[in-house]
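Residue-level structural notes
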Amino acid sequence: MAVDFKYIVVGRGLMGAAAARHLARQADGVAVIGPDEPTDRKAHQGVFASHYDEGRITRTIDPDRNWALLANRSIGRYGEIARDSGIDFYREVGCVVVAPTGGDYIEKTRRAAISLDVETSLLDVAGLKAAFPFFAFPDGGAGVFEARGAGHISPRKLVRAQSLLAEKAGATVIRDHVVSIRSEGGSVAVKTSGGRTYRGEKVLLAAGGFSIAKNLLPRPVAMTVYARTVTLFEVSEADAVRLAAMPSLILRAPGIDIYLLPPIRYPDGKFYLKIGGDPDDLVLSDDAEMRAWFKTEGRDTVRAHLKRIVEGLVPNIVPLSISTAACVVSHTESGYPMIGYSSSPEIAVLTGCAGTSAKSSDEIGRLGAELLLSGGISEQGYSTDFTPQFR
């Protein structure tokens, strides 16, 4: 049976758009299917994504070497992506990870950085206070600071850049979302919400949390999707200037497990300091629950929790406004992305971000492309093979 494309990537988020770029650079007949950001979120009837935002932390430093390597390789290609697309999506402001002394989080983070030849500084309590006077850290902590090759990215702009480069390399970008994928006689039929059916030799499902939706895989992936609430503190232009030296922050302390981004200018022209770190979990069991969740502003209980943390952590700011937004994170049994084939030899998956993959998405997408092009992703330097698990 004739096919329309050799490879079809389903999902045009951070990982799917990256996979499409890498595929299109090496093969003809590539398509990527995924909608643009909705203009009216509450009236939108289709799927959503968590990259509709201007701030995500990027850094190599991580206590897990596999995640550190995924990030390090991605960050190494930021310059190329920005240059070739003309889209500036990265700010190198550094990143500091702070955790209690006496645990192994800081030591594992430091060792992973050393193994990848990434330069970091180890800071005690006094060093943290001297380097970052705008933070009031809890007592008893230490930090690892990565000054170069770290900071924050605009996930929205990165997806735009990857989509543009995929298209420039020859990929067909289809602005719709997929409602079913099925193997038929050695090829794959992909049906969209617009009523079109496209046929491909191989399909890579990279639909983020929506990868758990029905009719997309022979068996659903073993992945848990959690609702997350981010909180945005609007700050004045004067405060944005005063805090210009603020790095991205990851903080672990008793009762606190958060990330914090320095003031970033959003599309409305205002500066926002962004924090995330839900104190508890809300599971979203299917795509209907995810769609409903994305139309909300998140949970008030999380907003209150994060507001208390910011008041203690950055005591010298007076926010002009406080707002929240809904997103999701997808966790796998392994703690790593799932990159591999389903029970169908024509349908593969690329999903499971663990809430930390935005920075690493280009490398994860490259691995997804390698899977389709070569049939596997062995000998890549990772201690995991990213094997998917299914229910």
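Residues numbered from 1 in each chain as written. Predicted model: local features only at pLDDT ≥ 70, side-chain atom pairs only at ≥ 80, totals over all residues. Heavy atoms only, no water.

Labelled according to an unreviewed UniProt entry, the protein appears under the name FAD-dependent oxidoreductase, originating from Rhizobium leguminosarum. Quoted verbatim from the Cofactor (unreviewed entry) field of UniProt, the annotation for the protein is "FAD". (UniProt positions renumbered as here; feature names shortened; annotations may be inferred.)

Focus: helix 3 (residues 78–85)
Of all the residues in helix 3, the buried ones are Y78, I81 and S85. Buried residues of helix 3, seen end-on, are gathered within an arc of 70 degrees and therefore sit on one face of the element. Positive phi shows up at G86, right after helix 3, with a value of about 75 degrees. (Buried < 20%, exposed > 50% of the residue type's maximum accessible area, 1.4 Å probe, protein only. Helix = DSSP H or I, 4+ residues; strand = E, 2+ residues; numbered from the N terminus. Arc of directions from axis to C-beta.)

Some points on the UniProt feature "domain: FAD dependent oxidoreductase" (unreviewed entry) in the protein
When the UniProt feature table is mapped onto this chain numbering, "domain: FAD dependent oxidoreductase" (unreviewed entry) sits at residues 7–371. Counted over residues 7–371, helix gives 28% and strand 32%. Its end C-alpha atoms are 11 Å apart.

Observations concerning the packing of helix 2 (residues 65–75) against helix 10 (residues 361–374)
In the contact formed by helix 2 and helix 10, the axes pass within 6 Å of each other and the chain directions differ by 95 degrees. Judged by the inter-axis angle, helix 2 sits roughly perpendicular to helix 10. Residues W67, L70, R73 and S74 of helix 2 touch helix 10, and the partners they reach there are S361, D362, E363, I364, R366 and L367. Taken together, the residues of the contact of helix 2 with helix 10 sort by class into four nonpolar, two polar and four charged. (Axes fitted to C-alpha atoms, helices over the stretch in contact; angles between N-to-C directions. Parallel < 35°, antiparallel > 145°, perpendicular 65-115°, else oblique. Contact = heavy atoms within 4.5 Å. Nonpolar A, V, L, I, M, F, W, Y, C, P; charged D, E, K, R; others polar.)

Structural notes on the packing of helix 1 (residues 14–26) against helix 10
Between helix 1 and helix 10, whose axes approach to 7 Å, the crossing angle comes to 50 degrees. Viewed along their axes, helix 1 and helix 10 adopt a mutual orientation that is oblique. When the axes of helix 1 and helix 10 are compared, the crossing they make is right-handed. Between helix 1 and helix 10, the residues in contact are L14, M15, A18, A19, R21, H22, L23 and Q26 and S361, D362, I364, G365, R366, A369, L372 and L373, respectively. Along the lines of polarity and charge, the residues of the contact of helix 1 with helix 10 split into nine nonpolar, four polar and three charged. (Left-handed = near helix turned anticlockwise from the far one by under 90°.)

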